[in-house]
Amino acid sequence: MTARVGWPDVAKGVCIILVVLWHVVTKHAIEVEGAGPITDAWATLNAQLLPLRMPLFFLISGMFAGSAVNAPAGVSWRRRAGRLAAVYVIWVVIQTFVLAWTPDFDTARAENGWQLLAQLTISPTNLWYLLALAVYLLIARVVRHVPTAVVLPVAFAIAAIAAAGLIPDLGNLWQLVQNLLFFLAGLRLRSSIERFAAASGPLRTVMLGAAYVGAVGAVGVLGMRQWPGVWPMLAIVAVAFGVAACSLLDRHAGVIARPLRRIGRRTLPIYVIHMIPLALIDGALRGSGWVATPAVEVAWPIVLTAVVIAICLAVHAGLVRVGLGVLFDPLLLVDRVAAARTAG
């Protein structure tokens, strides 16, 4: 049996940590009384990571979607897309009810049936990654016989249009559209990406990191974020750096890579649950009179990110233990019913 390559799990671990950190900073830390320049610096840093965290996440997802997308019968991709869409619906509904208890927490939540319907379709919530993957699997299946030399340039053009602000402002719809490029790139270029990762050493990684920092700085200073083609090119540089850095970590920094791999294999429960404990913690602290100090501003986002991730993993383990694993894989229930009918 071929050993599982570790760097994609490292990359997924990094990405989910950055997702949680982004929400900790932008939805909680900046609202804390006493927050000042240090928290602003955290917010700025997180904003510069936008071209990295979700594009890299989708690249890795695309790399491992080939067997589903290209299966002759087409059952595999439908099951995977259906599972993702069902998980999205389940957790949007759960969030809608739980977040009603935290009205001051700054995140989208449906307040009536029409808003909920919009969030389930055309106006994705913070859980949009799941809906995006379901849609991407459908698109990838439809265009599976179209040459890569056609598919990727078209996806690049779509990403450029979305990044230019030409998509209606409907929740995270623009993110769903512009990240299709990286899912399809992971799907179509997996072998090339794996060779690139294996050949990446310290020098290449440092050079790509410097290119990413320089590009981010230039885009920010010159206000180029919405110039045609700038965002996808910036994200390509960021993703190349991310692949090289995660491969390097996996091969040479086991003490860092091992926990990242463990987290990277458990991204789904962290992703769907994390907004709930964050909102509840935010609500509890808002009423406590707690005031941030400079030392707290430095450490608090890191501490809270770790706490939220730990809570998510504990909640997931508890729900699975009491038989509610179907919240994370609704097809388990379908399979059980089918098995029961067959046995009967």
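Residues numbered from 1 in each chain as written. Predicted model: local features only at pLDDT ≥ 70, side-chain atom pairs only at ≥ 80, totals over all residues. Heavy atoms only, no water.

A.B. asks: What am I meant to see in helix α17 (residues 294–321) here?
C.D. replies: The periodicity of an α-helix, 3.6 residues per turn, causes residues three or four places apart in sequence to face the same way. With 28 residues, α17 should reach 40 Å at 1.5 Å per residue; the first-to-last C-alpha distance of 41 Å fits that figure. The axis of α17 is deflected most strongly, by about 40°, at Trp300, and proline Pro301 appears within four residues downstream. For α17, every residue scored as buried is listed here: Glu297, Pro301, Leu304, Thr305, Val308, Ile309, Cys312 and Leu319. Those residues of α17 hidden inside the fold are in contact with α1 (7–27), α2 (37–48), α15 (267–273) and α16 (275–286). In the stretch just after α17, Gly323 is the one whose phi turns positive, near 90°. (Helix = DSSP H or I, 4+ residues; strand = E, 2+ residues; numbered from the N terminus. Expected span 1.5 Å × (residues − 1). Bend = angle between axes of the 7 residues up to and from the residue. Buried < 20%, exposed > 50% of the residue type's maximum accessible area, 1.4 Å probe, protein only. Contact = heavy atoms within 4.5 Å.)

A.B. asks: What am I meant to see in the packing of aromatic side chains here?
C.D. replies: Both the distance between ring centres and the angle between the ring planes are used here to describe each pair of aromatic rings. The full count for this structure, using the stated rule, is 9 aromatic pairs. Seen in terms of ring centroids, Phe58 and Trp128 are 5.6 Å apart; in terms of plane orientation they differ by 45°. Their pairing is tilted. Of the two residues, Phe58 sits in helix α3 (residues 50–63) while Trp128 sits in helix α7 (residues 128–142), which places them 70 residues apart along the sequence. Neither residue differs from the other here; Phe58 and Trp128 are each classed as buried. A connected cluster of aromatic rings, assembled from ring pairs, spans Phe57, Phe58, Trp128, Tyr129, Tyr136, Phe183 and Tyr271. (Phe/Tyr/Trp six-rings, centres within 6.5 Å; stacked < 30°, edge-to-face > 60°.)

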